[in-house]
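# Structural features, examined
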Amino acid sequence: MSETKVEQFAETVGTPVDRLIEQMHSAGIMVKGPDSPISDEQKEQLLGYLRNKHGTITKASPNKITLKRKVTSELTLSSSSSKSTSKVKVEVRKKRTYVKRSAIDDTIPSGDAELLEARRVAQEAKKAEEEAKTQQEIELQAQKSQEQFLADEEKKREEELAAQEQLKIEQQQQAAQTKITETKKIEQLAHKQTKAILKEAPRGGAAARPATAAKLGKTKADLTKRHPDKPKFTVPKKGGDKSFQNRPGKASKARFKKKRANKPEIETRHLFEKPTEVKVIDVKIPETIKVGDLAQKMSLKVAEVIKIMMNLGSMVTINQLLDQETASIVIEEMGHVPVLMKEEQIEENLMEEDAEGVKESRAPVVTIMGHVDHGKTSLLDYIRDSKVADGEAGGITQHIGAYHVETNKGMITFLDTPGHAAFTSMRSRGANATDIVIVVVAADDGVMPQTKEAVQHAKAANVPIIVAVNKIDKEAADPERAKNELSALDVIPEDWGGDVMFMPVSAKTGQGIDDLLDAISVTAEVMELEAVPNGPAKGVVIESRLDKGRGTVATILVQNGQLNKGDIIIAGQDYGRIRAMMDENGKQIKSAVPSIPVEVLGLSGTPSAGSEVLVVKNERKAREVALFRQGKYRDVKLARQQAAKLENMFTKMESAHVETVNIVLKADVQGSVEAISESLIKLSTDEIKVNIVADGVGGINVSDAQLAVASNAIIIGFNVRAEMSAKKIIETESVDLHYYSVIYDILDEVKSAMTGMLAPEFREEILGLAEVRNVFRSPKLGAIAGCVVVDGTLKRNSPIRVLRDNVVIYEGELESLRRFKDDVQEVKSGTECGIGVKNYNDVKPGDQIEVYERVQVKRTL
C-alpha cells in the first residue's frame with residue numbers, strides 16, 4: 001500500500017492544497033497539513049464523497065459541440081485624388097459552442113431551479129454581447145482598411161514623383177560628366193600629337209616650319225576620333241560602383257597635387273599624445289579632505305570621483321568632507337596609492353616653516369609681575385612717562401598691556417600683567433612669553449600671595465628674576481623685610497650670596513629707575529637674546545578682543561621673523577589676512593620685527609591669549625590647519641562634556657538636589673573672560689554649582705539675551721554694554737543684568753547670591769534639664785512626672801527627650817507644664833513642677849527630661 005503526501009496529491013489532481021484539505025475535512029478525512037500522508041483508501045473515500053456531491057462522471061457521448069464559421073467579403077474603395085477604385089477583402093471569423101442542457105442539469109441539484117434560470121439569462125446576455133462586439137470589430141476593421149489603403153496610395157504617388165525627379169537629376173549629371181570627359185580627351189590627344197610633331201621637326205631651321213605647320217593643321221574632326229590606346233570610359237550606373245579610378249581627369253589632378261606639394265604645409269594637429277601607460281600617484285591624505293581637493297590631488301575631474309563614490313554606495317557633493325579611511329578606499333579604487341598622514345603631520349609640517357637667515361640681537365621682553373596694588377603699572381608709567389594707571393578701573397590692571405620703550409639703555413618691551421588672584425592664567429602666559437621677570441614687592445607690605453605665585457611662575461618658565469622693591473619713599477618702608485620673606489621662597493639676593501638682583505625703586509619719585517634699567521640691560525646681554533629679523537614671522541597672542549567697528553583685534557608679540565601687513569597668519573583655531581597693523585599707541589605700521597608688540601585686524605575670531613602665531617604661505621593651508629585644530633578642540637570638548645555628564649550623574653545619585661547659578665559672561669578681552677570664568681567656577685560648592693552657560697568677547701547681543709532667558713541665567717558684562725535690541729528683550733523678560741568694571745565686585749556679588757541660595761542650617765540648643773523624682777497618675781492626662789529643674793529653663797510646647805541612664809529612650813513634645821495646680825509657660829532652674837509628656841506614659845523616677853529648641857543658623861560659603 002503506497003502513501004503520498006497531501007501536497008503531492010494536490011499537484012497530481014491540479015487543485016490548490018488549501019481547497020483539497022478543506023474537501024478532505026468535509027469527507028471526514030482529518031489531515032494536519034500539506035506534509036500529512038494520504039493512503040489509497042482515503043483517496044477512494046474522497047472520490048466517493050465528491051461523486052455524491054457533484055454527481056457521477058460517466059464516459060457518455062459528448063455533451064458539448066463547437067461550431068466555427070468564416071465569412072469573406074469584399075469592399076470597394078475609391079481614391080479621393082484619383083478616379084481609380086480598389087477592392088479590399090474582409091474576413092470575419094465566428095466561433096460558437098453549444099452545450100447539452102441535460103448535461104448542465106445533471107451537474108446541478110434539482111432544487112436549484114433559480115440558479116439554472118440565472119445561468120440561462122447570463123448566457124443569453126453574453127451571447128448578445130459577443131455578437132455586438134463582433135459587428136463592431138467588422139466595422140472598425142473596414143474603416144482601418146480604408147484609411148490604410150488611402151495612406152498607401154498617397155505614399156506610392158509621392159515615391160513615384162521623387163523617383164522621377166531623381167532620374168532627371170541623374171540624367172543631367174551624367175550628360176554634364178560626359179561632356180567634361182570628352183573635352184578632356186580631346187585636349188589630351190591634341191597635347192600628345194603636338195609634342196610628337198615638335199619632337200620630329202629639326203631645330204632652328206626655317207624650312208621645317210611649313211612642315212610643322214602642316215602637321216599642326218589637322219582638323220578638329222580628326223582629333224575628335226577615339227584613340228585606340230586610351231581605356232574606354234563608361235558612366236557608372238545607378239547603384240553600381242561610383243569610383244572614379246578609370247576617369248582620364250585623374251592624371252591632371254595628380255599633377256596639380258604635386259605642384260601644391262612644394263609649398264610648406266602648416267601643422268594643424270596638436271602635439272599632445274595620450275599616455276599609453278597608467279600613471280600611479282602617491283596621494284597624501286589628511287584626517288579629513290573635501291571631494292574636490294581629493295580629485296585635484298589625483299589630477300581627475302570631480303565628476304569621476306563622485307561617480308566612483310556613487311558606485312560604492314555614497315552620495316556626495318564637491319564640498320563634502322571625507323574621512324581618511326573613505327578617501328583611501330576611493331584612491332585605491334582609482335588605481336593610485338594612498339599615503340595616510342599622521343594626526344599631527346599638519347602641525348609638524350607647519351613647524352618646519354621657520355624663518356631662515358642670520359640671527360641678530362633683539363630687545364628683551366620684560367614681564368612685570370607682583371601682588372595687586374604694589375605699583376606695577378605706576379612703575380611702568382614712570383618708565384614710559386604716561387598715565388596708564390589713571391585709566392584703569394579702580395586703579396587695578398584688568399588685562400595684559402604690551403609696550404615697547406626706547407630708553408637710554410636701548411629698546412625694552414614690557415608686559416604689564418594683572419596682580420589680582422583671578423588672573424593666574426594671565427600671569428602664567430606672561431611668564432612663558434617673556435625673557436626677564438620683574439617681581440614688584442611693596443616695601444611697606446612685603447610678600448603677598450600673588451607675589452609668591454609670580455615667583456612660582458617665573459621659576460616654572462625658567463626665566464631670570466629681578467626684584468623691584470617699590471614704595472621705598474614711604475615712612476613704613478622696610479626693604480630688608482622683603483629680602484627676608486623672599487629668601488624663604490628661595491629667591492636669594494646677590495649681597496646675600498645669591499643670583500637675584502634686588503633694586504629699591506620708587507615709582508612716585510623715580511628713585512632707582514635707572515639702576516633697574518641697567519639691571520635689565522645687563523641681564524639681557526648675558527642671555528645673548530637673538531632672532532632672525534627677516535622671513536616668516538612667529539609670535540604669541542598677548543590679548544584679543546572684539547571691537548564693534550573694527551572686528552577682531554589681537555595683540556601679538558613678534559618673537560621671530562618679520563610680520564608684514566597682508567601676511568596670512570594662523571593663531572590657535574583662527575586664521576586670516578592682516579588687514580591693518582598698529583603699535584601700542586594706535587599708529588599704523590606696515591611691518592614689525594622681533595620683540596615688538598602690535599595689534600592686528602583681520603582674524604576670523606578672537607584667539608585665546610597665549611596661542612602661537614605663525615605666518616603661512618597661503619590661505620588654503622591656514623584653513624586646513626585651523627579646521628584640524630577646531631576638530632581636535634571639538635573632540636576634547638565633547639569628551640569633557642561626556643565626563644561632566646558622568647560626574648553629574650554620580651553626583652545626583654549621591655545628593656538629592658544641587659542648586660545651580662547660570663551665568664552668561666561677556667567681557668572686553670579674551671584674557672578677562674578666562675580669568676573671570678575660572679574664578680567663578682572656583683566658587684562652586686557641593687550644594688551650589690556655578691555654571692557658565694556662555695562666555696565671549698564683545699557687547700551683549702540678542703543671542704546672549706535669548707540664551708539667558710532660555711537657561712534662566714544672570715548676564716554679567718565686564719567693561720561691555722548691551723545693545724538696544726538686547727536691552728528690549730532683557731527688560732521684557734526681566735533678565736538679571738549686571739555691569740562691572742572691577743573683578744572684586746563680580747566675585748563678591750555672585751558669592752552673596754550663592755549664599756542666599758544655600759539651604760538653611762538648624763542647630764539644636766538645650767534650654768533646660770529636669771530630673772524626675774516621682775510619677776503620678778491622672779485619669780485625664782495619664783502619667784504626670786513630678787520633676788525638679790536641674791539646669792536652664794523648661795518651656796511649654798517645646799520638643800523634649802526622655803533620657804534613662806543618659807540614653808535617649810523617647811523624643812516627643814511637652815504637653816503640659818504645671819507649677820502646683822496652675823498651668824505655666826516656663827519653669828526656671830531649682831523649681832519643682834509637673835510635666836506631662838505627650839503620647840508617652842512610661843516615665844519612671846530617676847529619668848531625665850531634656851527640653852531643647854531648633855535654631856536656624858545663617859550659612860556662608
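Nothing here was measured: the structure is a model prediction, and the numbers come from that model.

## Notes on the confidence of the model for the protein
Do not read the fine detail of predicted coordinates wherever pLDDT is low. When pLDDT is averaged along the protein, the result is 76, and 76% of the positions lie at 70 or above. Segment residues 386–400 is flagged for pLDDT under 50; beyond a separation of four residues in sequence, or across chains, it makes 44 contacts in the model.

## Here's the deal with helix α10 (residues 302–311)
Considered for burial, the residues of α10 that qualify are V305, I306, I308 and M309. Axial view of α10: buried residues confined to an arc of 155°, hence all on one face. Relative to its buried face, α10 has exposed residues pointing more than 90 degrees away, namely A303, K307 and N311. Each element contacted by the buried residues of α10 is listed here: α9 (291–297), β7 (321–323) and α11 (324–333). Downstream of α10 by a residue or two, G313 has a phi angle that is positive, lying close to 95°.

## Quick look at the pattern of salt bridges
Applying the stated criterion across every chain, the model contains 15 salt bridges. Note that K459 and D490 form a salt bridge whose closest N and O atoms lie 3.9 Å from each other. Here K459, found in helix α16 (residues 449–461), pairs with D490, found in the loop between α17 (479–487) and β15 (501–504); they are 31 residues apart in sequence, far enough to count as distant. In this structure, D847 engages R804 in a salt bridge whose closest nitrogen and oxygen atoms are separated by 2.9 Å. Separated by 43 residues along the polypeptide, D847 in the loop between β37 (832–837) and β38 (848–857) and R804 in strand β33 (residues 799–804) bring together distant segments of the chain. Taking relative accessible area as the criterion, R804 reaches 22% and is therefore assigned partly exposed. It is possible to trace a salt-bridge network through shared partners that takes in E764, R801, E811 and E850.

## Some thoughts on the packing of aromatic side chains
Summed over the entire model, instances satisfying the criterion amount to one aromatic pair. For the ring pair Y810 and Y840, a centre distance of 4.4 Å and an interplane angle of 10° mean the geometry is stacked. You can see Y810 sitting in strand β34 (residues 807–819) and its partner Y840 sitting in the loop between β37 and β38, a full 30 residues away along the chain. The two residues Y810 and Y840 agree in class, both being buried. Across the ring face of Y852, the terminal group of R801 is positioned such that the distance to the ring centre comes to 4.0 Å.

## Regarding the packing of helix α21 (residues 702–711) against helix α22 (residues 724–733)
To characterise two packed helices, one gives the angle between the axes of the helices and the distance between these axes. It is at 8 Å that the axes of α21 and α22 come closest, and there the two elements cross at 20°. Considering the angle they form, α21 stands roughly parallel to α22. Remark: the crossing between α21 and α22 carries right-handed chirality. Between α21, through V702, A705, Q706 and V709, and α22, the contact on the second element is made entirely by S725, A726, I729, I730 and E733. By residue class, the composition of the contact of α21 with α22 is six nonpolar, two polar and one charged.

## Observations regarding the sheet that holds strand β27 (residues 688–697)
Pairing is parallel in the open sheet, where four strands are placed in the order β27-β26-β28-β29. On the outer flanks of this sheet lie β27 and β29 (737–740), each paired with one strand and no other. Taken over all neighbouring pairs, the strand axes of this sheet differ in orientation by 25° on average, direction set aside. Both strand β26 (residues 659–667) and strand β28 (residues 714–718) contribute to a ladder of five bridges, which runs parallel. Pairing of L665 across the sheet is with I716, part of β28. Contacts between helix α20 (residues 670–682) and the sheet are confined to β26, β27 and β28, with β27 contributing the most and set at about 175° to the helix. Where α21 meets the sheet, it contacts β26, β27 and β28, and its direction lies at approximately 180° from that of β26.

Rules used in this analysis
Residues numbered from 1 in each chain as written. Predicted model: local features only at pLDDT ≥ 70, side-chain atom pairs only at ≥ 80, totals over all residues. Heavy atoms only, no water. pLDDT = per-residue confidence, 0-100. Contact = heavy atoms within 4.5 Å. Buried < 20%, exposed > 50% of the residue type's maximum accessible area, 1.4 Å probe, protein only. Helix = DSSP H or I, 4+ residues; strand = E, 2+ residues; numbered from the N terminus. Arc of directions from axis to C-beta. Salt bridge = Lys/Arg side-chain N within 4 Å of Asp/Glu carboxyl O. Phe/Tyr/Trp six-rings, centres within 6.5 Å; stacked < 30°, edge-to-face > 60°. Lys NZ or Arg CZ within 6 Å of the ring centre and 35° of its normal. Axes fitted to C-alpha atoms, helices over the stretch in contact; angles between N-to-C directions. Parallel < 35°, antiparallel > 145°, perpendicular 65-115°, else oblique. Left-handed = near helix turned anticlockwise from the far one by under 90°. Nonpolar A, V, L, I, M, F, W, Y, C, P; charged D, E, K, R; others polar. Pairing = 2+ DSSP bridges.

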